[in-house]
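Structural overview for review
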Amino acid sequence: MTIMLCYGLVPINHDGRLLLMGVESSAMGAVFNLSCLMQECQQGFDHRLTPAASVATGAAKTDWWMPDKDDGVVMTVLHDVTGSILLQKTFNTWNAFTYAQDLTWWVHKLQAGRVVVMVVRRAGTYGLGAALPTLTSLGSLLAPYAPPHALWVWAFVVGGQTLLETVAPNPHSLYNSKTLLYAHAVVPLMPFSKPHKDTSHPLLCDSNAAMGPICDPVKPILMSPVLSRIEKISSQDDKKKVGVVVCAGGRLQYLAHTLTRLMETRKISISMVLVVVGTDHNGLVDSSTLSLLEHFHFHYQVVNISQDVPSINHRLFQFYRAAWTAGIESFPDARYLAFLDEDVEVSHDWLEMLLHYAPALEIDASLWCVSGIGAAHINMYSDPHLMMRGSRQPGWGYLVLTAEARKAVAIWPDTSSVSLLYDNFLYRTVGQERECIYPVLSRSRHYGIGVNTLPDIHHFYFLERPLHNGSSVWLPPMTALTISEYDFWVWSRLSQASPITRNPCAPGFLISPKIYEPKDFVFYFFLDNLKNSLEWTLLAECIGAWPYSTQGMHSGTVELPQAWGGSLWLVGVPASPFESLKPSHIPAWHLTTREEFDQQASFFSSLRSITDQINRTLQVAVTQLFL
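An account of the accompanying structure is given in this report.

Rules used in this analysis
Residues numbered from 1 in each chain as written. Predicted model: local features only at pLDDT ≥ 70, side-chain atom pairs only at ≥ 80, totals over all residues. Heavy atoms only, no water. Disulfide = S-S within 2.5 Å. Helix = DSSP H or I, 4+ residues; strand = E, 2+ residues; numbered from the N terminus. Buried < 20%, exposed > 50% of the residue type's maximum accessible area, 1.4 Å probe, protein only. Core = buried A, V, L, I, M, F, W, Y, C linked by side-chain atoms within 4.5 Å. Contact = heavy atoms within 4.5 Å. Axes fitted to C-alpha atoms, helices over the stretch in contact; angles between N-to-C directions. Parallel < 35°, antiparallel > 145°, perpendicular 65-115°, else oblique. Left-handed = near helix turned anticlockwise from the far one by under 90°. Nonpolar A, V, L, I, M, F, W, Y, C, P; charged D, E, K, R; others polar. Pairing = 2+ DSSP bridges.

Observations concerning the state of the cysteines
The full count for this structure, using the stated rule, is three disulfides. The disulfide bridge from Cys505 ends at Cys542, spanning 2.0 Å between sulfur atoms. Because the sign of the S-S torsion sets the handedness, a value of about 90° for the bond joining Cys505 and Cys542 places this disulfide among the right-handed ones. Separated by 37 residues along the polypeptide, Cys505 in the loop between strand E21 (498–499) and strand E22 (521–527) and Cys542 in helix H15 (residues 534–543) bring together distant segments of the chain. With a relative accessible area of 21%, Cys542 lands in the partly exposed category.

Describing the environment of Thr76
Looking at where Thr76 falls in the secondary structure, it is placed in strand E5 (residues 72–78). According to the relative accessible area criterion, Thr76 is buried, its value standing at 1%. When the C-alpha atoms of Thr76 and Val115 are compared, they prove to be 8.3 Å apart, with 39 residues separating the residues in sequence.

So, the nonpolar core
Core analysis: the biggest nonpolar cluster contains 72 residues, and Leu262 and Val275 have the highest contact counts within it. With six residues, the top contributor of residues to this core is helix H9 (residues 350–357). Setting aside residues up to four positions removed in sequence, Leu262 forms contacts with Val244, Val246, Ile268, Val273, Leu340, Val346 and Trp350. Listed in part, the 53 residues of the second largest apolar core include Leu86, Phe91, Val107 and Leu189.

Observations concerning the packing of helix H8 (residues 312–330) against helix H11 (residues 402–411)
With their axes 10 Å apart at the nearest point, H8 and H11 run at an angle of 140° to one another. On the basis of their axis angle, the class for H8 and H11 is oblique. Pair H8 / H11 crosses with left-handed handedness. Counting all contacts with H8, which are made through Arg321, Trp324, Thr325 and Ile328, the residues of H11 involved are Ala405, Arg406, Ala408 and Val409.

So, the packing of H11 against helix H12 (residues 422–431)
Interhelical geometry of H11 versus H12 gives an angle of 105° and a closest axis separation of 11 Å. Classified by the interaxial angle, the pair formed by H11 and H12 is roughly perpendicular. Of the residues in H12, those in contact with Glu404, Ala408 and Ile411 of H11 are Phe425, Leu426 and Val430. Class assignment of the residues belonging to the contact of H11 with H12 gives a composition of five nonpolar, no polar and one charged.

Regarding the sheet that holds strand E8 (residues 151–157)
Strand order in the open sheet made by the five strands is E6-E5-E7-E8-E9, with antiparallel pairing throughout. Edge positions in the sheet fall to strand E6 (85–91) and strand E9 (162–168), since each has one partner strand and no second. With strand direction ignored, the average angle separating the axes of adjacent strands in the sheet is 10°. Summarising the sheet, E8 and E9 pair through six bridges and their orientation is antiparallel.

What about the pairing of strand E19 (residues 435–439)?
Within E19, five of the five residues are buried, which leaves the element mostly enclosed by the surrounding structure. Here E19 shows no split at all, with Glu435, Ile437 and Pro439 on one side and Cys436 and Tyr438 on the other all buried. Alignment of strand E16 (residues 367–371) against E19, held across three bridges, turns out to be parallel. Bridge pairing links Val370 to Ile437 in E19. Both strand E17 (residues 387–390) and E19 contribute to a ladder of four bridges, which runs antiparallel. Opposite Gly390, over in E19, you have Cys436 as the bridge partner.

Rendered as structure tokens:
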């Protein structure tokens, strides 16, 4: 079946320069062609697959027709005056998780007036759900009604009107589908005009898309205003206290947003910030990234990682070591170093909160970091006043002692059998048994999609977690998070908590207390190994806690604050020292037989497939939790 659509639009105010646009969407791929009617130009892409090509590259016969990282909705952004392609990005919205939110993020950053073309490459409408309100607000009429495996083409002007939109149902599998969707349109270009008087960096904005408020055509933001003499003196004093290192690659739009949010943070000045830029696999640096940094007067350093590495994770492992080294050398007098990735946004009080608890690292040997990102527990009331401590990776947007950073760099190898994920390497070799302080309500959020992003985990446990609005709130004193005071506080709370013995995987497990009842509840479960527990994996999945590891626990204990002002406490027995508070008549939840496992698993999340996990390690068990 072939569906064709021809559509022409020529407004009165065009100056004769027209683009002829042809788009094809099919189960074999996508094609986008752009040519000029009044002048010579031609650009576009052809992303079609053939079974023969797949076999030639060594792929299995059944692999080529399964969606992969190159499939989904391909978004192309055209300059409304020159017609040049500013951006081309694929969103894997054949997956139900994460990518629709990412598509929404990019669309919201587009400059008004730009021409945008979206086309499905093989499959891409199934996971559009979270993006539909945005697409509809921009004028899409058909996206909300597109079947899960439909072919779809939409061209529109940001802040303007739809140029064309068409959709074709595709009920067949990718392997058997013969459906082709063609769309053609005549697109008028806007007249040449002088840049707006407030646009001080037109080259950067005319060469890139989705730059957000930096390239606002009416009133672009200024990230680095001229500092007064007093502000300069103050910033130099702050620089002696903390240096902020932003780790950047070639993702210009993410970096622009992250730096914008960073410079809105209280207690920050541009002299305190170093952006470390890594080269790509060809040893090159994105020129637009350097233009951005130079225009806004950011200090930056380019680090060239050897191209002779086995994988991209080897490159990243060495890049982060170089970034830590650059931070140490650039801020030799700083007591603390804070690290931020290019796809992490922070609240206005991020640095303020980190510095509030930073002195605890100097007086408590059981601590090694202060993190801005909260616990990855879904079933938890996000109170901005509450802080925790636990054994965990530093996360995104964290602070360490400069002395700690020097020790880490000294033992940081080119590669590691412990882990090539640098934060896990730090957790296991530098952090060891020590803990980090972190908020219940995050002050930093990983909004971007990176090399190691797992869509379903990122969606549920990170992307949808709230970020504090940055308003000033009372925080517990720094000393309250030191080990002696924190343990005393946990002990006092647990000693007054009411034990629960109900099935944690059944409805009605957690019921809010009556007025006269204690506000805290405690649930004891079997935990004989702080690093490995099948019971924890199942329990956490059932009650909405982080199930993929025991990270975040404090001495085998997890607190889940609730909206009524109390908490659900989960205490591992016998691993936790707080197990002595368990009354003798209260059993610890423990799976010992196949029948018990089947009974509990019957209430397990319907998104997860359950196979035989009895007597398996946590590492094996969690691999079967992924979709």
